[in-house]
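Structure at a glance
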Amino acid sequence: MAAPLPKRIIKETERLQNEPVPGISALPHDDNARYFDVMVEGPGGSCYEGGVFNLELFLPDDYPMTAPKIRFLTRIYHPNIDRLGRICLDVLKNNWSPALQIRTILLSIQALLGAPNPEDPLNEAVAKQWKENQAEAIKTAREWTALYATAKK
Amino acid sequence: MKFGQEFQKALASTEFPEEWRGSAIDYKHLKKCIKKINTELESIGLDGETLHHLSEWMSPADSIQTVAGQDGKGYYSAATPSLAAVPEEFTPQLRILVDSKTGTPLDATLAPETRESLQKLAKHEMAAAGRREHVGSVKRPLDRLRRRTATEDTARKQSVSLEDARWVQVPLASAKDFFELLEPKLQELETLREAETAKLEEEIFDLGEAVENVVEPVREGFEARREVSYRDLYFWREMFRLYMEKPIFYSEHGPNGGALTFKEAHSRLEDYDMRIRSTGLLEKMRTPEARQAAKRFLDLNVDILKIMHFQEMNARAMTKILKKFDKQTRLEGRAFLRNLRTQYPALLTNGRTGTGGGSTSPGGFASSIARDLNAELATKVLGIVPQVEDWNCPVCYAMAWRPVNLGCCTSVFCINCIIKLQEEGVERCPVCDKETVLQANGRNIDFEAMDFMEKYFPLEAKKRQKFHDRAAKMAERGGGGGKHEEEKEKIPCRTM
Ligand SMILES: [Zn+2]
Ligand SMILES: [Zn+2]
C-alpha cells in the first residue's frame, strides 16, 4: 500500500501536465507517482541541439526536504555528467532548496547542456578533453548526440 | 451591401442606449460620399479604367521602393509625397507625377484629353503650391518642411530622371467631405469611451465597497451572524475563482493574450453565467446584500460587454469604409487612418496595429476598454476576496498552518514544514536563502497571518489544525530518536 501522495507532488505533476515547459516533459509512472520519465531536448545552438535525452527522476520520501534524484538514461558526452548518467549540478546537491521544483531542476539541467563547465568536472576524461581540445570535444559531443540521442520513434 | 445592412441592423436592434447611436459611424452617408468622389474623379477624366492604370504605379505609396529599369519608367516609383506628413490640414488629394518643367503628367496610359486637363490642373497647382510655400513658410512648422525636403532628397538620390519629375497633389472637394464626416465621429467615439469608462470605473469602485461589506468575515457585534457570513464568503470566493479562471475581457496568456474580441468575451460571459447558474451560487447566498452585490457584479460585466461591442462595431465600420475609399478612389485613406491612430492613442492600446478589422484583436477603442476595466475589476473587486492559494506554504503547497515567518522575507511556512527542515538540518530559508531556519522557534509564529486565515479560510484552517494536532500527538508519543521513522510509518493511515 502506497502512502497517499503529498499535495505538493500532486500539484507539481498537474502543472507539468497543464503548463508544459517547451523542450521538456516529465510523466509520472502509473504505478509509482514519484517516479517520472523525463525527456529533455538539447538546447538550440549547443552541441546537443537536435538531441532528445531521456532521464529518470525520483522524488524521495522526504521530498521536498531533499532534492529529487535524477540521472541521464541516454548516453551523453558532457564534462558534468558521468558514464552512469549522474549529474554534477549544485541545485541537486548543496544548493537544493525546498522552494525549487521539478520544473526548475529540469530547466537547470537543460541550461547545463547549454553551458558545460569543465572546471567542476564529474567526468574527468571528458573534462580533460574539453579543456585541452575544445573543438574536438564539441565534435565528439555532436557525434554522440546524433548517435545516441536522436529520437528513433 | 452586406456589411452596411448588418451594421445598421446591429445598431438598431441591440439594446444600445439612444445617446450612443448618435456617435456611431455614418456608414451609409460615407458610402454615398465615395460615390460622389468617383463622380468628381470622372469629371476630370479619371474614370475607373484610368484609375486602375494609375494605381499600378501609385500603389507603393507606403514605401520608397524603386522599380527602376522596368520599361524605363523608374520615376514612377518616386518617393510619393506623404499625406501623413501634413496631417493637421488633411485634404485628400490625387497625386500625379509630372515633369517639373512643363507640368506634363508622365503617365503614358492617360488619354490625350485627360492629360490636357490634368496638365491644366497640375500647372495651376504648382503655381499655387509655390505661392503657398513662399507665403506660408512662416506659419508652417519647421519639422514639416524638413521632412518634405528629406523626401525629395531621397527621391533624387534614387533615380536621376526624378530631377525632372515631381509630385503634384490635386485637392478633391468631395473627398474632403468624406473625411469631414468621418473624423468628428472618431472624436465622439473617444469621448464616449472616456465617459463610459469613467462611469463603469465608478460602478466598479462602488461594487468593491459593497462586496467588502458583505464578505468581511467577523465584524464586531455581528458574531451571531458568523455562520451565515462564513458561508457567503465561500460562495463569493467560488464566484470569483471561476471568474479568474477564465477572465471575460482580457487574458494574460495563451495564444490570444491581451484584450479579447467582443465575440470571445461574449461567449466567455455566457459560459460564466451558465456555470454560476448551474452551481446555484446566487441562490445559496444567505444575505440579500450578498445576492444583490453578486447580481451587480454580473450586470457590470454585461455593461462592459455592451460598450465594447459598440466600439468594436464602429471600429469595424471605419476600417471597412476606409478600405472601400482606398479601393475605389485610390486616394490615401490609409494615411488618414494612421494619422488618427497617433491622435487617439487609445485606439492602439493592445499594440496590434493590423488594419484588418476582422482579425482576432478587438478593434478601435474596445481593446482599451477591455484592458482598463479588467484591471480595475481585478484590483477593486476580485482582490477583496482573498484566495487560499495566496496563503500556500512554499514547501508543501498546502495552506501555511500554523503560519511561521522566518523573519528573513515575507514568506509564510507551515510550522510542520519548518520543523521538518530543522530535522533535516536545512539551514537556509527555502525562498530567500538566508540562514534563518535553525534559529526559528515559537516566536516566529505569525499570529497576524493566523488571524487572517482563521477569518477568511475557517474551513481550511480547521482541517489543517486537525492535521497539525495529529502530527503533534505522534511526535509526542514517538519521543526520542525514532520519531522521524514513526511519523513516516503512520502517515499511510492519514485520511485526507
Ligand atoms: Zn508547508
Ligand atoms: Zn526567507
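By the naming in an unreviewed UniProt entry, chain B goes by SPX domain-containing protein and is assigned to Neohortaea acidophila.

The name an unreviewed UniProt entry assigns to chain A is Ubiquitin-conjugating enzyme E2 2, from the organism Neohortaea acidophila. Of chain A, the UniProt comment under Sequence similarities (unreviewed entry) reads exactly: "Belongs to the ubiquitin-conjugating enzyme family."

Now for the pattern of salt bridges. On inspection of all chains with the given rule, the structure shows 19 salt bridges over all chains. Measuring nitrogen to oxygen at the nearest pair gives 2.7 Å for the salt bridge that ties R71(A) to E56(A). Pair noted here: R71(A) is in strand β4 (residues 69-72) and E56(A) is in strand β3 (residues 52-58), with a separation of 15 residues, a long-range link. We classify E56(A) as buried; its relative accessible area is 18%. The partner of R316(B) in a salt bridge is E312(B), and the shortest N-O contact between them spans 3.2 Å. Of this pair, R316(B) and E312(B) both sit in helix α11 (residues 288-329), 4 residues apart, which is roughly one turn of that helix. A relative accessible area of 6% means that E312(B) is categorised as buried. Several salt bridges converge on common partners, so that one network encompasses E238(B), R241(B), E245(B) and R275(B).

With that settled, consider a negative patch on the surface. Residue and element names in this part refer to chain B. Side chains of E202, D206, E209 and E212 sit close together on the surface and give a patch of like negative charge. Structurally, D206 is set in helix α7 (residues 173-215). When its relative accessible area of 36% is taken as the criterion, D206 is described as partly exposed.

Basis of the calculations
Residue numbers restart at each chain and count upward from 1, following the sequence in its written direction. Throughout, the order in which chains and ligands are written sets their labels, letters from A for the former and numbers from 1 for the latter. Two thresholds apply to this predicted model, a pLDDT of at least 70 for residue-level local features and 80 or more for giving and counting side-chain atom pairs, whereas whole-chain, interface and lining totals are computed over all residues. Side-chain figures throughout are based on the complete set of non-hydrogen atoms in the structure, without hydrogens or water. UniProt positions are given in the numbering used here, feature names are shortened, and annotations may be inferred rather than shown by experiment. For salt bridges, the criterion is a side-chain nitrogen of Lys or Arg within 4 Å of an Asp or Glu carboxyl oxygen. The way it works is that DSSP assigns letters per residue, a run of H or I at least four long becomes a helix, a run of E at least two long becomes a strand, and they are numbered from the N terminus. Relative accessible area decides the class of each residue, using a 1.4 Å probe on protein chains only: under 20% of the type maximum gives buried, over 50% gives exposed, and in between gives partly exposed. Patch definition: residues above 30% relative accessible area lacking any salt bridge, with like charges linked at up to 9 Å and the nonpolar side chains Val, Leu, Ile, Met, Phe, Trp and Tyr linked at up to 5 Å. The accessible surface values rely on the Shrake-Rupley method and a 1.4 Å probe; as for residues, cover is taken only from the protein chains in view. Positive: Lys, Arg. Negative: Asp, Glu. His and the chain ends are not part of the count. For charged residues, the charge sits on one atom: NZ in Lys, CZ in Arg, CG in Asp, CD in Glu.

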